[in-house]
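Chain residues, written in single-letter form:
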Amino acid sequence: MKKIFPIIIGLISLSLVGIIVIQVLWLKNMVLLRQEQMRHRIQDGVTLAGNTLVQHKSNYNYIDPKTFHNLIPDQLEYLRPNTIGQRLTSIQITDIIKKAFHTYDLDEVKFEFGVATATDAGVMEKQSKNFVNVYNENSPKDYPVIYPLNSPSGSETENLSPNEILIVIMLNYRSLVFESLWLPIISAIVFTLLIMTAFYLTVRTMLRQKKLSEIKNDFINNMTHEFKTPLATISLAVDALRNEKVVSDKEKMSYFSTIIKEENKRMNRQVETILKAALMDKQEVQLLLRPLHAHQVIKDVVENFTLQLEEKNGKAEVLLNAENDFIDADEVHFSNLIINLIDNAIKYSKEDQPPIIRITTQSTSKSIVIVIEDNGIGMNKETVKRVFEKFYRAHTGNIHNVKGFGLGLSYVKTMVEAHGGEIKVDSVLGKGSTFTMEFPLKKLQRQPVMSPVPA
């Protein structure tokens, strides 16, 4: 699994990258194709407008022959063919271009135009309001189209009227291209997001499965170790009981019988721990809540650990400062969560330093805060984040110097929350850990005030 997992992740990643690249290339080609189509339509529209404009310069200005001989030289200039810039106003040219664009469904195209003579010393005859500014900016997003306005072949003004050019600059054709593609673009983005989401969920599921597989293996190893020790002890005790010398000695018989009994209880406790974990998974734990004093429970639990602390030359400092310790709790489960925390403090104490456990309480108007602090080996940041996860145990190699299934703190958190409380942990590696729990106080019901009985 460890070897296959990176390969699967790599293949999925390559597939995702490939799909995204294909999507990007497809969108790029769609944009280029639509731009090309738009340019062809614009070119056709400008051509139609140019042909319409050319018709206005296909003949001379009309003059009555009877008055021709009376014209003075300055008036003879009037006989020369007029240019489009002389015949039409800017508004008329704008209307002609708009009508041509309407024919090709280009009503939304914004444009600026100019009509100029096509000589070396070209003169701008007519232009739209912002044509000069747009022309000088020469923005790459603009699309200019130039169309020659020459007199049509065979007309009266052919080779007589000066050549002109129509310059039309499209201002928003690129944005119109993207607007026309909004549905495919959004579809492609949504499709890509769906693929990325599927990729994320797939990888997360695989990581979770990998994590569960590791947890399962750790649990089986721990369970094997936990059951192997008492079974070996029971086996040795049974073999001893078969010895003739032991059979005849009542004290030894009692001693080995007691060992078998204690190891049997130990195995039963382990089984109960696993069963409780299963019940917590199903949320079938039933709490028998009743009013009790938290301080009394703490005192009883600490007293039960006196011998273990004395064996390690340790001590427990109990500072019960809470003014109110009256809570609604299940005595068994509330005791167990205190037991688990103190037991962990002893288990994870330093070998070269006596364990010192400090238990303090304080109360607020609505809750009691219980703090259990130790001077043990502490935890790193990663362990602190995962310490309440079921079956999780800090990795210490293949050394089982501390026994357990990794269920203790998970049970503690579940029980604290089942009592309506909260728990948090602060720890520094090599210095110790601090567990802080907060439980709601029992709401005291006021007794009804009795009216005095009249004498």
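Residues numbered from 1 in each chain as written. Predicted model: local features only at pLDDT ≥ 70, side-chain atom pairs only at ≥ 80, totals over all residues. Heavy atoms only, no water.

As for the overall build of the protein chain
Assigned secondary structure in the protein chain consists of 14 helices and 11 strands. Considering only intrachain contacts with a sequence separation of at least 6, the fraction spanning at least 24 residues in the protein chain is 73%. About 29,300 Å² of surface is accessible on the protein chain, with carbon and sulfur atoms providing 56% of the total. (Helix = DSSP H or I, 4+ residues; strand = E, 2+ residues; numbered from the N terminus. Contact = heavy atoms within 4.5 Å. Areas by Shrake-Rupley, 256 points an atom, 1.4 Å probe, with all protein chains shown as cover.)

Side note on the packing of helix H12 (residues 331–347) against helix H14 (residues 408–418)
For the pair H12 and H14, interaxial distance at closest approach is 9 Å and the crossing angle is 145°. Judged by the twist between their axes, the crossing of H12 over H14 is left-handed. Of the residues in H14, those in contact with His333, Asn336, Leu337, Asn340, Leu341 and Asn344 of H12 are Gly408, Leu409, Tyr411, Val412, Met415 and Val416. Here the contact of H12 with H14 is composed, by residue class, of 7 nonpolar, 5 polar and no charged. (Axes fitted to C-alpha atoms, helices over the stretch in contact; angles between N-to-C directions. Left-handed = near helix turned anticlockwise from the far one by under 90°. Nonpolar A, V, L, I, M, F, W, Y, C, P; charged D, E, K, R; others polar.)

Regarding the pairing of strand S3 (residues 143–149)
The alternating pattern of S3 places Tyr143, Val145, Tyr147 and Leu149 on a buried face, while none of Pro144, Ile146 and Pro148, on the opposite face, is buried. Where S3 meets strand S4 (residues 164–170), 7 bridges bridge the pair, whose relative direction is antiparallel. Note that in S4 the partner of Pro148 across the bridge is Ile165. (Buried < 20%, exposed > 50% of the residue type's maximum accessible area, 1.4 Å probe, protein only. Pairing = 2+ DSSP bridges.)

Quick notes on the packing of helix H10 (residues 294–304) against H12
Put simply, H10 and H12 touch, their axes get as near as 10 Å, and they point 45° apart. It follows that H10 is oblique to H12 by the angle criterion. For H10 against H12, the interelement crossing comes out right-handed. Contacts between H10 and H12 involve Ala294, Val297, Val301 and Val302 on the former and, on the latter, Phe334, Ser335, Ile338, Ile339 and Ile342. For the contact of H10 with H12, the per-class residue count stands at 8 nonpolar, 1 polar and no charged. (Parallel < 35°, antiparallel > 145°, perpendicular 65-115°, else oblique.)

Quick word on the sheet that holds strand S11 (residues 432–440)
The 5 strands are arranged S6-S8-S9-S11-S10 in an open sheet whose pairing can be described as mixed. The open sheet has two free edges, formed respectively by strand S6 (315–320) and strand S10 (422–428), since each of these has just one partner strand. Each neighbouring strand pair of the sheet contributes to a mean axis angle of 10°, computed without reference to strand direction. Where S10 and S11 come together, 7 bridges link them in antiparallel fashion. Note on S11: the bridge partner recorded for Ile423 is Met437. Running over the sheet, H10 touches S6, strand S8 (356–363) and strand S9 (367–374) and is turned about 170° from S6. Lying over the sheet, H12 contacts S8, S9 and S11, oriented at roughly 170° with respect to S11.

As for a negative patch on the surface
A contiguous patch of negative charge, built from Asp105, Asp107, Glu108 and Glu179, is present on the exposed surface. As for its placement among the helices and strands, Glu179 is situated in helix H6 (residues 173–180). Residue classification places Glu179 among the partly exposed residues on the basis of a relative accessible area of 46%. (Patch = residues over 30% accessible without salt bridge, like charges linked within 9 Å, V, L, I, M, F, W, Y side chains within 5 Å. Salt bridge = Lys/Arg side-chain N within 4 Å of Asp/Glu carboxyl O. Lys, Arg positive; Asp, Glu negative; His and termini not counted. Charge placed at Lys NZ, Arg CZ, Asp CG, Glu CD.)

Some points on the pattern of salt bridges
One pass over the full model with this rule turns up 7 salt bridges. A salt bridge links Glu331 to Arg290; the nearest nitrogen and oxygen atoms lie 2.3 Å apart. With a gap of 41 residues between them, Glu331 in helix H12 and Arg290 in strand S5 (residues 290–293) connect regions that are remote in the sequence. The partner of Glu373 in a salt bridge is Arg358, with the nearest N and O atoms 3.7 Å apart. Taken together, the positions of Glu373 in strand S9 and Arg358 in strand S8 put the pair 15 residues apart, joining distant regions of the chain. With relative accessibility at 31%, the residue Glu373 sits in the partly exposed group. Taking the relative accessible area as the measure of exposure, Arg358 reaches 30% and is therefore partly exposed.

Topic: helix H4 (residues 90–103)
Counted at 1.5 Å a residue, the expected span for H4 with its 14 residues is 20 Å, and the 20 Å between its end C-alpha atoms agrees. All buried positions along H4 are accounted for by Ile93, Thr94, Ile96, Ile97, Ala100 and Phe101. Here the buried residues of H4 occupy an arc of 160° about the axis, which is enough to place them on one side. Facing away from the buried surface of H4 by more than 90 degrees, the exposed residues are Ile91, Lys99, His102 and Thr103. Immediately downstream of H4, the backbone of Asp105 shows phi near 55°, a positive value. (Expected span 1.5 Å × (residues − 1). Arc of directions from axis to C-beta.)

Regarding the side chain of Asp374
By secondary structure assignment, the location of Asp374 is in strand S9. One buried charge, Asp374, has no salt-bridge partner; the nearest side chain with opposite charge is Lys350, at 8.5 Å. Only 2.9 Å separates the side chain of Asp374 from the backbone nitrogen of Gly376, close enough to count as a polar contact. Not counting residues within four places of it along the chain, the set of residues in contact with Asp374 comprises Ala345, Ile356, Lys431, Gly432 and Ser433. (Polar contact = N/O pair within 3.5 Å; in protein donor to acceptor, adjacent residues only side chain to side chain.)

Observations concerning a nonpolar patch on the surface
Residues Trp182, Leu183, Ile186, Val190 and Leu194 make up a contiguous nonpolar surface patch of about 510 Å² in total accessible area. Relative to the assigned elements, Ile186 resides in helix H7 (residues 182–241). With a relative accessible area of 43%, Ile186 lands in the partly exposed category.

Overview of the sheet that holds strand S1 (residues 111–117)
The strand order S2-S1-S4-S3 describes an open sheet built from 4 strands, whose pairing is antiparallel. A strand with exactly one partner marks an edge of an open sheet, and here the two such strands are strand S2 (124–127) and S3. Sheet twist, expressed as the average angle between the axes of neighbouring strands with direction ignored, equals 20°. Relative to S2, S1 is paired through 3 bridges, and the arrangement is antiparallel. Considered in S2, the bridge of Val115 is made with Lys126. Seen against the sheet, H4 touches S1, S2 and S4 and runs at an angle of roughly 120° to S1.

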